[in-house]
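A structural walkthrough
Here is what each chain is made of, one letter per residue.
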Amino acid sequence: AQSVAQPEDQVNVAEGNPLTVKCTYSVSGNPYLFWYVQYPNRGLQFLLKYITGDNLVKGSYGFEAEFNKSQTSFHLKKPSALVSDSALYFCAVRPINQGGKLIFGQGTELSVKP
Amino acid sequence: GAGVSQSPSNKVTEKGKDVELRCDPISGHTALYWYRQSLGQGLEFLIYFQGNSAPDKSGLPSDRFSAERTGGSVSTLTIQRTQQEDSAVYLCASSPAGTSGSYEQYFGPGTRLTVT
């Protein structure tokens, strides 16, 4: 079965420290990979995506993500966390030739403390 | 420009009633998706419309769920004979046309459905 795993329900970091939110996937072929963020009582906002090319992709709000094909991982990173980054983060995978649906991880709650 | 809009933002209904949830996608987006977000199940794909093609209904959890998209724009998700397990946030998303499929999806704010 195709799946996306975010092994940490919650990640706590201090403001100014680097952050990593982990994502691994089990999907056949070379899927497209996405990160979304959800603020309280809001819809999902697109952060970044990996389609092909450079394994390190940069996105909105200073976030970046590193694709590792051998480990089937797509970890989200930011060099210096802000309190305003506190939100729920979702990793998503779009399998190829399956009509465009996204398979989401369970989400990771990021808490950045001053 | 305007994003994806959904209505109502909140809906409380009694068990056994039918409900309709509406989604207005971003103008010009030919692909439209419905997802459900619930505590126990996370974010689940429900249904996908692409242009005039037959919709992908593979994620609909039961035959009580149906959706249509009129004129290639507005979509309505209908849940018949609602059950308490249908309580969730229903999210709609749209994306531009493209055979490559690399476009990100733009999400609406969701409709929070509570079945009492």
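Details of the structure are given in the entry above.
Residues numbered from 1 in each chain as written. Chains lettered and ligands numbered in written order. Predicted model: local features only at pLDDT ≥ 70, side-chain atom pairs only at ≥ 80, totals over all residues. Heavy atoms only, no water.

**Description of the pairing of strand β3 (residues 19-24) of chain B**
Looking along a regular strand, one sees side chains alternate from face to face of the sheet. Residues and elements named next belong to chain B. Side chains Val-19, Leu-21 and Cys-23 of β3 all project onto a buried face; the interleaved residues Glu-20, Arg-22 and Asp-24 project onto a face where none is buried. Here three bridges tie strand β1 (residues 5-7) to β3, and the two strands are oriented antiparallel to one another. Each residue of the ladder has a partner; that of Ser-5, found in β3, is Asp-24. Sheet topology note: the β3/strand β7 (residues 75-79) ladder contains five bridges and is antiparallel. Pairing of Arg-22 across the sheet is with Thr-76, part of β7. (Buried < 20%, exposed > 50% of the residue type's maximum accessible area, 1.4 Å probe, protein only. Helix = DSSP H or I, 4+ residues; strand = E, 2+ residues; numbered from the N terminus. Pairing = 2+ DSSP bridges.)

**Quick notes on the layout of surface pockets**
Within this model, the largest pocket holds a volume of roughly 640 Å³. When residues of the lining of the largest pocket are traced back to their parent elements, those giving at least two are β10 (87-94) of chain A together with β4 (31-38), β8 (88-95) and β10 (111-115) of chain B. Tallied by class, residues from the lining of the largest pocket come to 10 nonpolar, 11 polar and three charged. (1 Å grid on protein atoms, 1.4 Å probe; cavity = no way out; pocket = protein on both sides within 12 Å on 5 of 7 lines; lining within 4 Å. Points joined across faces, edges and corners; volume = space filled by probe spheres on them. Nonpolar A, V, L, I, M, F, W, Y, C, P; charged D, E, K, R; others polar.)

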